[in-house]
Amino acid sequence: MKVNQAKLKAVTRRIAADLMTPGPVEIPSMVGLKELVRMFGVKDNTPYQWRSKGQLPKEDGEVSNNPQWKLMTIYAWAEKTNRKIVWDPWDVLEADDEAA
């Protein structure tokens with residue numbers, strides 16, 4: 001799966017607008033270990049194991065002592081490691097062409 005750049009730019013504009021308005025953020029721009037469970041459709045402890053084995057990229061930040069990654073960091077990591085995302089929070093992924 002590859003990131004669709006046009007969809008990504010549209011999402012970026014939505015995030016910027018969302019950050020400028022009062023209230024909760026609508027689109028997640030950062031994800032933690034629990035969101036990775038949903039994104040990859042894996043067991044609850046799998047992202048924790050990935051992190052302890054050094055398989056996840058370096059976190060982009062922390063919230064309440066919990067690691068957080070930019071969604072683009074995770075998209076790039078999934079693409080690089082050929083991991084399939086089953087929940088695409090930004091809806092920017094395109095299916096690979098299988099008829100080649």
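Scroll up to find the structure this text is about.
Reading the values: the criteria
Residues numbered from 1 in each chain as written. Predicted model: local features only at pLDDT ≥ 70, side-chain atom pairs only at ≥ 80, totals over all residues. Heavy atoms only, no water. Helix = DSSP H or I, 4+ residues; strand = E, 2+ residues; numbered from the N terminus. Buried < 20%, exposed > 50% of the residue type's maximum accessible area, 1.4 Å probe, protein only. Contact = heavy atoms within 4.5 Å. Areas by Shrake-Rupley, 256 points an atom, 1.4 Å probe, with all protein chains shown as cover. Core = buried A, V, L, I, M, F, W, Y, C linked by side-chain atoms within 4.5 Å. Axes fitted to C-alpha atoms, helices over the stretch in contact; angles between N-to-C directions. Parallel < 35°, antiparallel > 145°, perpendicular 65-115°, else oblique. Left-handed = near helix turned anticlockwise from the far one by under 90°. Nonpolar A, V, L, I, M, F, W, Y, C, P; charged D, E, K, R; others polar. Pairing = 2+ DSSP bridges.

## Section: the overall build of the chain
Per the secondary structure count, the chain includes 4 helices and 5 strands. N-terminal to C-terminal, the α/β element order of the chain is β-α-β-α-α-β-β-α-β. Within the span of the chain, comprising 100 residues, buried residues form 33% of the whole. A fraction of 56% describes how many contacts in the chain between residues 6 or more apart in sequence connect residues 24 or more apart. In the structure as shown, the chain presents an accessible area of about 6,900 Å², 51% of it carried by carbon and sulfur atoms.

## Brief notes about the nonpolar core
Core analysis: the biggest nonpolar cluster contains 21 residues, and Leu36, Met39, Phe40, Tyr75 and Trp90 have the highest contact counts within it. Looking at this core, the elements that each hand over two or more residues are α1 (5–20), α2 (33–40) and α4 (71–81). Top contributing element to this core by residue count: α4, with 5 residues. For Met39, the residues in contact, after removing those within four places along its chain, are Val31, Leu71, Ile74, Tyr75, Lys84, Ile85, Val86, Trp87 and Pro89.

## Considering α2
For α2, the full list of buried residues reads Leu33, Leu36, Val37, Met39 and Phe40. In this structure, the buried side of α2 is in contact with β2 (30–31), α3 (46–52), β4 (66–70) and α4. Once α2 finishes, Gly41 follows within two positions and takes phi at roughly 60°, a positive value.

## Digging into the packing of α2 against α4
Relative to each other, α2 and α4 sit at 45°, their axes nearing to 12 Å. Taken as axis vectors, α2 and α4 run oblique relative to one another. Like other packed secondary-structure pairs, α2 and α4 cross with a definite hand, here right-handed. Only Leu71, Ile74, Tyr75, Trp77 and Ala78 of α4 make contact with α2, whose side of the interface consists of Leu36, Met39 and Phe40. Looking at the contact of α2 with α4 residue by residue, the class counts come to 8 nonpolar, no polar and no charged.

## Thoughts on the pairing of β4
Taken together, the 2 bridges between β2 and β4 define a ladder with antiparallel strand orientation. When the bridges of β4 are listed, Met30 appears paired with Lys70. By the bridge criterion, 3 bridges tie strand β3 (residues 61–63) to β4 in an arrangement that is antiparallel. Among the inter-strand pairings, Val63 is bridged to a residue of β4, identified as Asn66.

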